[in-house]
Amino acid sequence: MSSIKTAMVLAAGLGTRMRPLTDATPKALVTVAGKPLIDHVLDRLVAAGIETAVVNVHHFADQMEAHLATRKDIQIRISDERAALLDSGGGIKHARPLLGDAPVMIANIDSLWIEGETPALESLKAAWDPEQMDLCLLLVRRGHGIGFEGPQGFFRDDAGRLVHSAKPEPPTPYANVGFQILKPQILDQEPDGAFSIVPVWWRLSEQGRLFGAVMDGFWMHVGDPAAREATEAKLR
(Lines give C-alpha, C1' and ligand atoms only; values in the text may rest on other atoms or scores of the structure.)
Protein backbone atom coordinates (compact mmCIF):
# COMPACT_ATOMS: atom_id res chain seq x y z
CA MET A 1 0.00 0.00 0.00
CA SER A 2 1.27 3.42 -0.95
CA SER A 3 2.12 6.04 1.66
CA ILE A 4 1.67 9.05 -0.63
CA LYS A 5 1.33 12.14 1.56
CA THR A 6 1.73 15.02 -0.94
CA ALA A 7 -0.45 15.92 -3.92
CA MET A 8 -0.52 18.62 -6.55
CA VAL A 9 -3.81 20.05 -7.78
CA LEU A 10 -3.65 21.49 -11.30
CA ALA A 11 -5.91 24.52 -10.88
CA ALA A 12 -4.24 27.29 -12.89
CA GLY A 13 -6.13 27.01 -16.20
CA LEU A 14 -8.22 29.78 -17.73
CA GLY A 15 -11.34 27.64 -17.90
CA THR A 16 -12.28 29.02 -21.32
CA ARG A 17 -14.65 26.14 -22.07
CA MET A 18 -16.49 26.83 -18.82
CA ARG A 19 -17.42 30.40 -19.80
CA PRO A 20 -19.48 32.38 -18.87
CA LEU A 21 -19.06 30.75 -15.44
CA THR A 22 -15.37 31.67 -15.44
CA ASP A 23 -15.74 35.27 -16.59
CA ALA A 24 -15.32 36.53 -13.03
CA THR A 25 -14.10 33.48 -11.11
CA PRO A 26 -11.49 30.75 -11.61
CA LYS A 27 -12.69 27.37 -12.82
CA ALA A 28 -11.59 25.81 -9.54
CA LEU A 29 -14.19 27.91 -7.68
CA VAL A 30 -17.09 27.02 -9.97
CA THR A 31 -19.59 25.19 -7.80
CA VAL A 32 -20.99 21.74 -8.49
CA ALA A 33 -23.77 20.52 -6.20
CA GLY A 34 -23.14 23.54 -3.96
CA LYS A 35 -19.41 22.99 -3.51
CA PRO A 36 -16.47 24.53 -5.43
CA LEU A 37 -14.58 22.09 -7.64
CA ILE A 38 -11.39 22.66 -5.65
CA ASP A 39 -13.11 21.52 -2.46
CA HIS A 40 -14.48 18.37 -4.11
CA VAL A 41 -10.90 17.51 -5.07
CA LEU A 42 -9.32 18.46 -1.74
CA ASP A 43 -11.95 16.46 0.15
CA ARG A 44 -11.01 13.38 -1.91
CA LEU A 45 -7.33 13.95 -1.20
CA VAL A 46 -7.90 14.34 2.55
CA ALA A 47 -9.94 11.11 2.58
CA ALA A 48 -7.05 9.37 0.81
CA GLY A 49 -4.59 10.40 3.51
CA ILE A 50 -2.95 13.30 1.71
CA GLU A 51 -1.48 15.78 4.19
CA THR A 52 -0.11 18.49 1.87
CA ALA A 53 -1.60 19.85 -1.35
CA VAL A 54 0.39 22.05 -3.73
CA VAL A 55 -2.08 24.09 -5.80
CA ASN A 56 -0.98 26.07 -8.84
CA VAL A 57 -2.75 29.40 -9.47
CA HIS A 58 -2.97 31.83 -12.39
CA HIS A 59 -6.51 32.86 -13.39
CA PHE A 60 -8.01 35.06 -10.62
CA ALA A 61 -5.15 33.86 -8.41
CA ASP A 62 -6.06 36.18 -5.52
CA GLN A 63 -9.51 34.60 -5.28
CA MET A 64 -7.92 31.16 -5.21
CA GLU A 65 -5.45 32.05 -2.48
CA ALA A 66 -8.17 33.60 -0.33
CA HIS A 67 -10.39 30.54 -0.66
CA LEU A 68 -7.59 28.06 -0.02
CA ALA A 69 -6.65 29.94 3.15
CA THR A 70 -9.96 28.78 4.65
CA ARG A 71 -8.95 25.10 4.50
CA LYS A 72 -7.69 23.91 7.86
CA ASP A 73 -7.77 20.14 7.31
CA ILE A 74 -4.87 19.98 4.83
CA GLN A 75 -1.67 21.98 4.44
CA ILE A 76 -1.86 24.13 1.30
CA ARG A 77 1.17 25.36 -0.62
CA ILE A 78 0.78 27.73 -3.56
CA SER A 79 2.69 27.29 -6.81
CA ASP A 80 2.42 30.73 -8.39
CA GLU A 81 1.95 30.79 -12.17
CA ARG A 82 0.72 34.36 -12.39
CA ALA A 83 3.55 35.20 -14.79
CA ALA A 84 2.60 32.52 -17.34
CA LEU A 85 0.59 29.35 -17.66
CA LEU A 86 2.85 26.31 -17.82
CA ASP A 87 0.50 23.48 -18.94
CA SER A 88 0.32 20.12 -17.17
CA GLY A 89 3.95 19.03 -17.33
CA GLY A 90 5.45 22.49 -16.96
CA GLY A 91 3.23 23.25 -13.98
CA ILE A 92 4.37 20.15 -12.13
CA LYS A 93 8.04 20.82 -12.91
CA HIS A 94 7.69 24.44 -11.76
CA ALA A 95 6.36 23.16 -8.43
CA ARG A 96 9.26 20.70 -7.89
CA PRO A 97 10.77 22.67 -4.98
CA LEU A 98 7.41 22.43 -3.18
CA LEU A 99 6.76 18.79 -4.07
CA GLY A 100 10.06 17.27 -2.98
CA ASP A 101 11.53 14.03 -4.31
CA ALA A 102 9.07 11.42 -3.03
CA PRO A 103 6.27 10.17 -5.32
CA VAL A 104 3.28 12.50 -5.41
CA MET A 105 -0.35 12.34 -6.46
CA ILE A 106 -1.46 14.72 -9.22
CA ALA A 107 -5.10 15.81 -9.44
CA ASN A 108 -7.02 17.63 -12.17
CA ILE A 109 -9.50 20.22 -10.98
CA ASP A 110 -12.45 19.08 -13.11
CA SER A 111 -12.66 15.40 -12.19
CA LEU A 112 -15.48 14.14 -9.94
CA TRP A 113 -16.89 10.67 -9.43
CA ILE A 114 -19.34 8.52 -7.53
CA GLU A 115 -17.45 5.81 -5.67
CA GLY A 116 -17.86 2.15 -6.50
CA GLU A 117 -17.09 -0.75 -4.18
CA THR A 118 -13.49 0.40 -3.71
CA PRO A 119 -12.66 4.12 -3.30
CA ALA A 120 -10.97 5.22 -6.52
CA LEU A 121 -7.91 6.78 -4.91
CA GLU A 122 -7.40 3.67 -2.77
CA SER A 123 -7.30 1.63 -6.00
CA LEU A 124 -4.68 4.01 -7.38
CA LYS A 125 -2.58 3.91 -4.21
CA ALA A 126 -2.77 0.12 -4.00
CA ALA A 127 -1.60 -0.23 -7.60
CA TRP A 128 1.42 2.04 -7.17
CA ASP A 129 4.69 0.09 -7.24
CA PRO A 130 7.74 2.37 -7.53
CA GLU A 131 9.99 -0.58 -8.31
CA GLN A 132 8.37 -1.21 -11.68
CA MET A 133 6.59 2.04 -12.54
CA ASP A 134 7.40 5.75 -12.77
CA LEU A 135 3.82 6.90 -13.33
CA CYS A 136 0.47 5.27 -12.62
CA LEU A 137 -2.76 6.77 -13.99
CA LEU A 138 -6.26 6.34 -12.60
CA LEU A 139 -8.46 5.08 -15.43
CA VAL A 140 -12.17 4.51 -16.04
CA ARG A 141 -13.76 2.08 -18.47
CA ARG A 142 -15.58 3.57 -21.43
CA GLY A 143 -19.29 3.78 -20.70
CA HIS A 144 -18.73 4.38 -16.98
CA GLY A 145 -18.76 8.17 -17.04
CA ILE A 146 -19.88 11.41 -18.64
CA GLY A 147 -17.90 14.20 -20.25
CA PHE A 148 -15.62 11.97 -22.34
CA GLU A 149 -14.07 13.89 -25.19
CA GLY A 150 -12.90 12.31 -28.41
CA PRO A 151 -11.00 9.07 -28.92
CA GLN A 152 -8.00 9.83 -26.71
CA GLY A 153 -7.42 7.09 -24.16
CA PHE A 154 -5.41 4.01 -23.25
CA PHE A 155 -4.90 0.36 -23.95
CA ARG A 156 -3.89 -1.69 -20.90
CA ASP A 157 -2.26 -5.11 -20.80
CA ASP A 158 -2.77 -7.80 -18.17
CA ALA A 159 0.11 -6.45 -16.08
CA GLY A 160 -1.38 -2.93 -16.10
CA ARG A 161 1.09 -1.38 -18.55
CA LEU A 162 -0.40 1.36 -20.72
CA VAL A 163 -0.21 2.52 -24.32
CA HIS A 164 -1.71 5.93 -25.06
CA SER A 165 -3.65 6.53 -28.26
CA ALA A 166 -5.57 9.42 -29.82
CA LYS A 167 -6.65 7.48 -32.93
CA PRO A 168 -10.37 6.79 -33.46
CA GLU A 169 -9.70 3.18 -34.47
CA PRO A 170 -9.36 0.86 -32.74
CA PRO A 171 -11.25 2.55 -29.88
CA THR A 172 -9.44 2.77 -26.56
CA PRO A 173 -11.20 0.92 -23.71
CA TYR A 174 -9.99 3.25 -20.94
CA ALA A 175 -10.02 7.01 -20.36
CA ASN A 176 -7.79 9.08 -18.07
CA VAL A 177 -9.66 10.20 -14.95
CA GLY A 178 -7.21 13.03 -14.27
CA PHE A 179 -5.52 11.61 -11.17
CA GLN A 180 -2.11 9.95 -11.18
CA ILE A 181 0.86 9.07 -9.00
CA LEU A 182 4.28 9.90 -10.38
CA LYS A 183 7.91 10.33 -9.47
CA PRO A 184 8.68 14.05 -9.82
CA GLN A 185 12.13 13.22 -11.20
CA ILE A 186 10.62 12.06 -14.52
CA LEU A 187 10.20 15.74 -15.44
CA ASP A 188 13.71 16.87 -14.55
CA GLN A 189 15.03 16.23 -18.07
CA GLU A 190 12.26 18.31 -19.64
CA PRO A 191 12.88 21.97 -20.59
CA ASP A 192 11.68 24.76 -18.33
CA GLY A 193 8.52 26.59 -19.36
CA ALA A 194 5.19 25.33 -20.64
CA PHE A 195 4.82 21.73 -21.83
CA SER A 196 2.24 18.96 -21.77
CA ILE A 197 2.76 15.80 -19.77
CA VAL A 198 1.41 13.67 -22.63
CA PRO A 199 4.80 13.22 -24.37
CA VAL A 200 6.15 12.08 -20.99
CA TRP A 201 3.47 9.38 -21.01
CA TRP A 202 4.70 8.29 -24.45
CA ARG A 203 8.31 8.08 -23.26
CA LEU A 204 7.43 6.10 -20.15
CA SER A 205 5.16 3.80 -22.15
CA GLU A 206 8.03 2.95 -24.49
CA GLN A 207 10.17 2.17 -21.44
CA GLY A 208 7.46 -0.06 -19.93
CA ARG A 209 7.20 2.27 -16.92
CA LEU A 210 3.67 3.69 -17.51
CA PHE A 211 0.90 1.83 -15.68
CA GLY A 212 -2.78 2.29 -14.92
CA ALA A 213 -5.27 1.39 -12.19
CA VAL A 214 -8.95 1.07 -13.10
CA MET A 215 -11.59 2.62 -10.84
CA ASP A 216 -14.94 0.85 -10.38
CA GLY A 217 -17.01 3.99 -9.80
CA PHE A 218 -18.76 6.41 -12.16
CA TRP A 219 -16.62 9.30 -13.41
CA MET A 220 -17.75 12.81 -14.38
CA HIS A 221 -15.53 15.22 -16.31
CA VAL A 222 -16.78 18.75 -15.56
CA GLY A 223 -15.30 20.48 -18.59
CA ASP A 224 -18.04 22.93 -19.62
CA PRO A 225 -21.41 24.26 -18.39
CA ALA A 226 -23.33 21.39 -20.02
CA ALA A 227 -21.14 18.83 -18.28
CA ARG A 228 -21.60 20.70 -15.02
CA GLU A 229 -25.38 20.46 -15.38
CA ALA A 230 -25.16 16.77 -16.25
CA THR A 231 -22.89 16.15 -13.25
CA GLU A 232 -25.25 17.93 -10.87
CA ALA A 233 -28.16 15.90 -12.24
CA LYS A 234 -26.21 12.66 -11.74
CA LEU A 235 -25.23 13.61 -8.20
CA ARG A 236 -28.86 14.37 -7.34
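Residues numbered from 1 in each chain as written. Predicted model: local features only at pLDDT ≥ 70, side-chain atom pairs only at ≥ 80, totals over all residues. Heavy atoms only, no water.

**Q** Run through the sheet that holds strand β9 (residues 145-146), naming residues and quoting values.
**A** Here we have 3 strands laid out as an open sheet, ordered β7-β14-β9, and mixed in their pairing. At either margin of the open sheet sits one strand with a lone partner, and together these are β7 (111-114) and β9. In this sheet, strand β14 (residues 218-221) lies alongside β9 in parallel orientation, the contact comprising 2 bridges. Across the sheet, the residue bridging to G145 is W219, located in β14. (Pairing = 2+ DSSP bridges. Helix = DSSP H or I, 4+ residues; strand = E, 2+ residues; numbered from the N terminus.)

**Q** A description of helix α1 (residues 37-47) should follow, citing residues and the corresponding values.
**A** Residues spaced three or four apart along an α-helix point in a common direction, a consequence of the helix completing one turn every 3.6 residues. Burial in α1 covers these residues: L37, I38, D39, H40, V41, L42 and L45. Of the residues flanking the end of α1, it is G49, one or two places downstream, whose phi is positive at about 90°. (Buried < 20%, exposed > 50% of the residue type's maximum accessible area, 1.4 Å probe, protein only.)

**Q** Can you tell me about the nonpolar core, naming the residues and giving the values?
**A** Residues V9, I38, L45, M105, L121, L124 and F179 are the most contacted members of the largest nonpolar core, which totals 46 residues. Looking at this core element by element, the count peaks at 5 residues for α1. Ranked by size, the runner-up nonpolar core spans 25 residues in total, among them M8, L10, F195 and V198. (Core = buried A, V, L, I, M, F, W, Y, C linked by side-chain atoms within 4.5 Å.)

**Q** Now, about unusual backbone geometry: what can you tell me, with residues and values included?
**A** Backbone torsion omega between R19 and P20 reads 10°, so that peptide bond is classified as cis. Tracing the chain through its elements places P20 in the loop between β1 (6-10) and β2 (31-32). With an omega dihedral of -10°, the bond running from E169 to P170 counts as a cis peptide bond. You will see that D87, though not glycine, has its phi angle at about 65°, which is positive. With respect to the secondary-structure elements, D87 resides in helix α3 (residues 87-94). What makes D87 partly exposed here is its relative accessible area of 46%.

**Q** An account of the packing of aromatic side chains is needed here, citing residue identities and associated values.
**A** Under the counting rule described, the total for this entry stands at 2 aromatic pairs. Here the aromatic rings of W113 and F179 are separated by 5.0 Å at their centres, their planes lie at 80°, and the arrangement is edge-to-face. Highlighted residues: W113 in strand β7 and F179 in strand β12 (residues 174-182), separated in sequence by 66 residues. Taking the relative accessible area as the measure of exposure, W113 reaches 3% and is therefore buried. Over the ring of F218 we find K234, and its NZ or CZ is 4.2 Å from the ring centre. (Phe/Tyr/Trp six-rings, centres within 6.5 Å; stacked < 30°, edge-to-face > 60°. Lys NZ or Arg CZ within 6 Å of the ring centre and 35° of its normal.)

None of the figures reported here should be taken as evidence of function without further support.
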